[in-house]
Amino acid sequence: MPRQPQARRAATAAPPEQLEPERPGVLAVGDDTAVRADAADLEVRRDLASAIPEPDDDTPLARELAADARLRITLRGRRLPRPQSPRVMCVANQKGGVGKTTTAVNLAAALAQSGLTVLLIDVDPQGNASTALGIDHHSDVLGTYDVLTDACPIGETLQECPDVPGLWCCPATIDLAGAEIELVGMEHRESQLQQAVLELQRDREQQGLPRFDYVLIDCPPSLGLITINAMMAAREVLIPIQCEYYALEGVSQLLRSIELVRERFNPALHVSTMVLTMYDGRTRLAAQVADEVRRHFPQQVLEQTIPRSVRVSEAPSHGQTVMTYDAGSSGALAYLASAREIAERPAARAR
Ligand code: ADP
Ligand code: MG
């Protein structure tokens, strides 16, 4: 039975008036002056980046360092364009350990650091995304469980990431583990999250607050009712693929599930983005896997790969994303570049 949230509200709920007002400097679609200024800024950055000499093929480490330096110059501190309408992306792959949570939290942080207003909804009972964002998610905190079981509106569960202004989180508590079973008996069991997100965006508009430009949903490694709720709430699916043997194992099953949800409930749902994670440039296997995935999904796979990096895996134990834990590291730069690809090339990826 859904618990009464009233008693716990005071401790955790962010009243709407405390939500951050629109931040200046974000590029809005159609804002010509801002777009021109951004183009000039980009030009200067490109000139600087191209001045870095290209090391020869015999020195892979020097090549990596040069590539990182170029990314640092072109990307850090850059504003990304605000999408014409909010984008809701469900980060899914029923294989565990492929980088779903890591990708969801770091992309969310990268987008927010680039001036956008971002919400991450943690729908994995393990709550790893909440931990990585430094968000309190002990069992007394309001979270996705309360939203899915209709106990409270999602707006009352939101907490802002302490290190990244503009990034908000609806946390997952351990109660969420029971939600699959509770949902079965509910009337609108597949569309609870969808309704919650729609209401949230509408409420914010009515209160004069900016809508969330991006809503990222971090899914559990399963295809149950919680994941279906995430796929109903989203328009886009982002699939992280780990660059190792059997990378595509299970993806066809995931695609079938997406197709089912699309046919039955959500005609707009499509796989817009695939991210190659834990890429180890020193192995032939990683390159072969990347080629194979790109051959199957040429439109969806981002050009930027995410390198395997100790800094990326260390960050969550400090309650941080790598975007703040080590902003200049290769992992952080790769997520920043991925965020830019996602923000700047939406049209090419939509069906
Ligand atoms: P999932 O959410 O799909 O289960 P995670 O994002 O939790 O996967 O990642 C699984 C493990 O791999 C975690 O320990 C994480 O820190 C690690 N990991 C993910 N991406 C990277 C990376 N780019 N470099 C190094 N370790 C990574
Ligand atoms: Mg996860």
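That block above? That's the structure.
From a predicted model like this one, the values you see are computed outputs, not experimental measurements.

What counts, and where the lines are drawn
- Residues numbered from 1 in each chain as written.
- Chains lettered and ligands numbered in written order.
- Predicted model: local features only at pLDDT ≥ 70, side-chain atom pairs only at ≥ 80, totals over all residues.
- Heavy atoms only, no water.
- 1 Å grid on protein atoms, 1.4 Å probe; cavity = no way out; pocket = protein on both sides within 12 Å on 5 of 7 lines; lining within 4 Å.
- Points joined across faces, edges and corners; volume = space filled by probe spheres on them.
- Nonpolar A, V, L, I, M, F, W, Y, C, P; charged D, E, K, R; others polar.
- Near = heavy atom within 4 Å.
- Polar contact = N/O pair within 3.5 Å; in protein donor to acceptor, adjacent residues only side chain to side chain.
- Areas by Shrake-Rupley, 256 points an atom, 1.4 Å probe, with all protein chains shown as cover.
- Helix = DSSP H or I, 4+ residues; strand = E, 2+ residues; numbered from the N terminus.
- Buried < 20%, exposed > 50% of the residue type's maximum accessible area, 1.4 Å probe, protein only.
- Pairing = 2+ DSSP bridges.
- Phe/Tyr/Trp six-rings, centres within 6.5 Å; stacked < 30°, edge-to-face > 60°.
- Lys NZ or Arg CZ within 6 Å of the ring centre and 35° of its normal.
- Right-handed = clockwise from strand over helix to strand, strands pointing away.
- Expected span 1.5 Å × (residues − 1).
- Arc of directions from axis to C-beta.
- Contact = heavy atoms within 4.5 Å.
- Core = buried A, V, L, I, M, F, W, Y, C linked by side-chain atoms within 4.5 Å.

**Student:** Is there a simple way to explain empty space enclosed by the protein in this structure?
**Tutor:** Vacant regions in the atomic arrangement are exposed by a probe of water-molecule size rolled over the atoms. Under the counting rule described, the total for this entry stands at 2 cavities of 30 Å³ or more. Within this model, the largest cavity holds a volume of roughly 40 Å³. What lines the largest cavity is Leu 75, Arg 78, Leu 80, Ser 114, Leu 336 and Arg 340. In terms of residue class, the lining of the largest cavity is built from 3 nonpolar, 1 polar and 2 charged.

**Student:** What's the story with the site of ligand 1 in this structure? I'm lost.
**Tutor:** Surrounding ligand 1, one finds 14 residues, the nearest of these being Gly 97, Thr 101, Thr 102, Pro 307 and Ser 309. Gly 99 has a polar backbone atom sitting 3.1 Å from an oxygen atom of ligand 1. Thr 101 is positioned such that a nitrogen or oxygen atom in its side chain is 2.9 Å from an oxygen atom of ligand 1. Across the complex, the protein chains shield 77% of the 560 Å² of accessible surface that ligand 1 would expose by itself. Contributing elements (two or more residues each) for the shell around ligand 1: helix 4 (100-113) and helix 12 (310-314). Tallied by class, the residues present in the shell around ligand 1 amount to 5 nonpolar, 7 polar and 2 charged.

**Student:** Mind showing me how you'd approach the pairing of strand 6 (residues 236-242) here?
**Tutor:** If a strand is regular, its side chains alternate between the two faces of the sheet. Along strand 6, 7 of the 7 residues are buried, which leaves the element largely enclosed by surrounding structure. Burial along strand 6 is two-sided: Glu 236, Leu 238, Pro 240 and Gln 242 facing one way and Val 237, Ile 239 and Ile 241 facing the other are all buried. Here strand 1 (residues 87-91) runs beside strand 6; their pairing, made up of 3 bridges, is parallel. Its bridge partner being in strand 6, Val 91 is matched across the sheet by Leu 238. The pairing of strand 6 with strand 7 (residues 270-277) spans 7 bridges and is parallel. Within the sheet, the bridge partner assigned to Glu 236 lies in strand 7 and is His 270.

**Student:** Sorry, what's going on with the packing of aromatic side chains here?
**Tutor:** Here the distance between the centres and the angle between the planes together describe a pair of aromatic rings. What the rule picks out here adds up to 1 aromatic pair. With a centroid separation of 4.8 Å and an interplanar angle of 50°, the aromatic rings of Tyr 245 and Tyr 246 are classed as tilted. According to the relative accessible area criterion, Tyr 246 is exposed, its value standing at 54%. Over the ring of Phe 212 we find Arg 204; its NZ or CZ atom is 4.2 Å from the centre of that ring.

**Student:** Where do I start with the pairing of strand 7 in this structure?
**Tutor:** The buried fraction of strand 7 amounts to 8 of the 8 residues, a majority that puts the element mostly inside the structure. As a crossover connection, the stretch from strand 6 through helix 10 (residues 251-264) into strand 7 is right-handed.

**Student:** Help me out: how do you make sense of helix 11 (residues 284-296) in this one?
**Tutor:** Spacing of three or four residues puts side chains on the same side of an α-helix, whose turn is 3.6 residues. Across its 13 residues, helix 11 extends 19 Å between first and last C-alpha, which sits within 8% of the 18 Å expected from 1.5 Å per residue. Within helix 11, the full set of buried residues consists of Ala 286, Val 289, Ala 290 and Val 293. One side of helix 11 carries all its buried residues, which in axial view fall inside an arc of 100°. Set apart from the buried face of helix 11 by more than 90 degrees, the exposed residues are Arg 284 and Arg 295. On its buried side, helix 11 packs onto strand 6 and strand 7.

**Student:** Would you mind showing me how to read the nonpolar core here?
**Tutor:** The nonpolar side chains of a soluble globular protein tend to be buried, and buried together. Among the nonpolar cores identified, the biggest contains 53 residues, and Leu 119, Ile 121, Ile 154, Leu 158, Leu 193, Ile 217 and Val 293 are the most heavily contacted of them. For this core, the element with the most residues is helix 9 (residues 225-233), which contributes 6 residues. Counting 43 residues, the second-largest nonpolar core is a separate cluster that includes Leu 107, Ala 132, Tyr 214 and Leu 216.

**Student:** What is the right way to look at the environment of Val 197 in this model?
**Tutor:** Tracing the backbone through its elements, the reader meets Val 197 in helix 8 (residues 192-206). In this structure Val 197 comes out as buried when scored by relative accessible area, which is 5%. Note: C-alpha distance between Val 197 and Ile 121 (76 residues apart in sequence) is 9.8 Å.

**Student:** Just checking my understanding: could you explain unusual backbone geometry for this structure?
**Tutor:** What you tend to see is this: most non-glycine residues have negative phi, and most peptide bonds are trans. One non-glycine residue, Asp 150, adopts positive backbone phi at about 70°. Positionally, Asp 150 belongs in the loop between helix 6 (144-148) and strand 3 (159-160). One non-glycine residue, Tyr 246, adopts positive backbone phi at about 70°. Relative to the elements of secondary structure, Tyr 246 occurs in the loop between strand 6 and helix 10.

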